[in-house]
Amino acid sequence: MNIASLINLLVSYSFWCIFGISLVGYSFSLFMGAPSKIELFLIIFLMLQALYALNRLTDKEEDKITNPGRASFIVGKEKHILAFVGVSFLVSLSLAVMQNLLVFLFLIIILLIGFFYSFKSFLLKRLFGFYRFKDVLFGKNVVIGLTWSFLAVFVPMFYYSRTLTLGVAVLGIFIFLRGVINTALFDLRDVSGDKKVGVKTIPVVFGSKPMIMTFYALNFFIGVLIFLSVFYSILPFFAHFLNISTIWSFSYLYLIDKPKIINQKLLLEFVIDGEYFLIAISVIFGAFLAGV
């Protein structure tokens, strides 16, 4: 396998995004006043890897239409991927239960959310009128945003036996809104395919221009939220470094419809998903400068 094929494989399995979000959870330990631990990183990383791989299996037929390149990596590897999912879940949950029961139980909740996101459920159909969370408008964005927020913010909170504070809630909102923006921008790539299979995404329903303008406003809100949280001592001073990602986000929102400036595949899969690496590094660097 050459380097290009390896990069394509990692992108297809969302490894870049998963690793970045796991690194965010690892770095957010600094907000909990605790040293970052590799075990915490592994709990988040393995859980995310398993959830994404499981979703790749359940979306295989849809991906043949909306993202055939990604689907080609799945065909013929289903049994191996399923085994990987099982092992990843088992190791993540085992590491969690060795830490404390709250982390384990919270991961079970995340697992259930992932199950109802990927698999059709007659229970959801009976209660809410749809089979999967991702089948309803905003469902995909909200569920993924919540999952990232739960894993990157609240798993570290439970891991270090911290209580829910206003600062932790602000961090949860920060990651949640970043996830909503991220997933909606990725839906731009699949608009034509999503229309064919009848999937209702934000750009399909509202159009790309209104969505991007809304995200400019949402990104501004995120920046103000972090600034005010530091100003009123809800978050420590080094949390200002989180707004490096706000500037980064304004940049890629501008570039999202500028294919002559930057290749859109490169923008989505490395610049936008790379934001989570930027967030983690910014937090670690800011904490280092603050002597934390």
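Scroll up to find the structure.
Throughout what follows, the structure given in this document is the object of discussion. (Residues numbered from 1 in each chain as written. Predicted model: local features only at pLDDT ≥ 70, side-chain atom pairs only at ≥ 80, totals over all residues. Heavy atoms only, no water.)

Here we come to the nonpolar core. By size, the foremost hydrophobic cluster in this structure holds 86 residues, and its most contacted members are Phe28, Leu107, Trp148, Val155, Leu185 and Leu242. With 14 residues, helix H3 (residues 38-58) is the single largest residue contributor to this core. Setting aside anything within four residues of it in sequence, one finds Leu242 in contact with Phe28, Phe31, Leu171, Phe174, Ile226, Ile279 and Val283. (Core = buried A, V, L, I, M, F, W, Y, C linked by side-chain atoms within 4.5 Å. Buried < 20%, exposed > 50% of the residue type's maximum accessible area, 1.4 Å probe, protein only. Helix = DSSP H or I, 4+ residues; strand = E, 2+ residues; numbered from the N terminus. Contact = heavy atoms within 4.5 Å.)

Quick look at the packing of aromatic side chains now. Scanning the entire structure with this criterion turns up 21 aromatic pairs. On the basis of an interplanar angle of 70 degrees and a centroid distance of 5.3 Å, the ring pair of Phe19 and Phe41 is categorised as edge-to-face. Here the residue Phe19 occupies a position in helix H2 (residues 15-27), and Phe41 occupies one in helix H3, the gap between them amounting to 22 residues. Residue Phe19 is classed as partly exposed on the basis of its relative accessible area of 27%. Looking at Phe41, the relative accessible area reads 8%, which means it is buried. Connected via pairs of aromatic rings, a cluster forms that spans Trp16, Phe19, Tyr26, Phe41, Phe45 and Phe277. Taking NZ or CZ as reference, Lys258 lies 4.4 Å from the ring centre of Tyr254, over its face. (Phe/Tyr/Trp six-rings, centres within 6.5 Å; stacked < 30°, edge-to-face > 60°. Lys NZ or Arg CZ within 6 Å of the ring centre and 35° of its normal.)

Attention now moves to a nonpolar patch on the surface. A grouping of Leu166, Phe220, Val224, Phe227, Leu228, Phe231, Tyr232, Ile234 and Phe250 is seen on the molecular surface, where their side chains present a nonpolar patch of about 890 Å² in accessible area. Its place among the elements puts Val224 in helix H13 (residues 208-231). Judged by its relative accessible area of 32%, Val224 falls in the partly exposed class. (Patch = residues over 30% accessible without salt bridge, like charges linked within 9 Å, V, L, I, M, F, W, Y side chains within 5 Å. Areas by Shrake-Rupley, 256 points an atom, 1.4 Å probe, with all protein chains shown as cover. Salt bridge = Lys/Arg side-chain N within 4 Å of Asp/Glu carboxyl O.)

Running from N to C, helix H14 (residues 244-255) and helix H15 (residues 264-272) point in directions that differ by 165 degrees, and their axes come no closer than 11 Å. The angle between H14 and H15 falls in the class roughly antiparallel. The hand of the H14/H15 crossing is left-handed. For the pair H14 and H15, the contacting residues are Trp248, Tyr252 and Leu255 in the first and Gln264, Leu267, Val271 and Ile272 in the second. A per-class count over the contact of H14 with H15 returns six nonpolar, one polar and no charged. (Axes fitted to C-alpha atoms, helices over the stretch in contact; angles between N-to-C directions. Parallel < 35°, antiparallel > 145°, perpendicular 65-115°, else oblique. Left-handed = near helix turned anticlockwise from the far one by under 90°. Nonpolar A, V, L, I, M, F, W, Y, C, P; charged D, E, K, R; others polar.)

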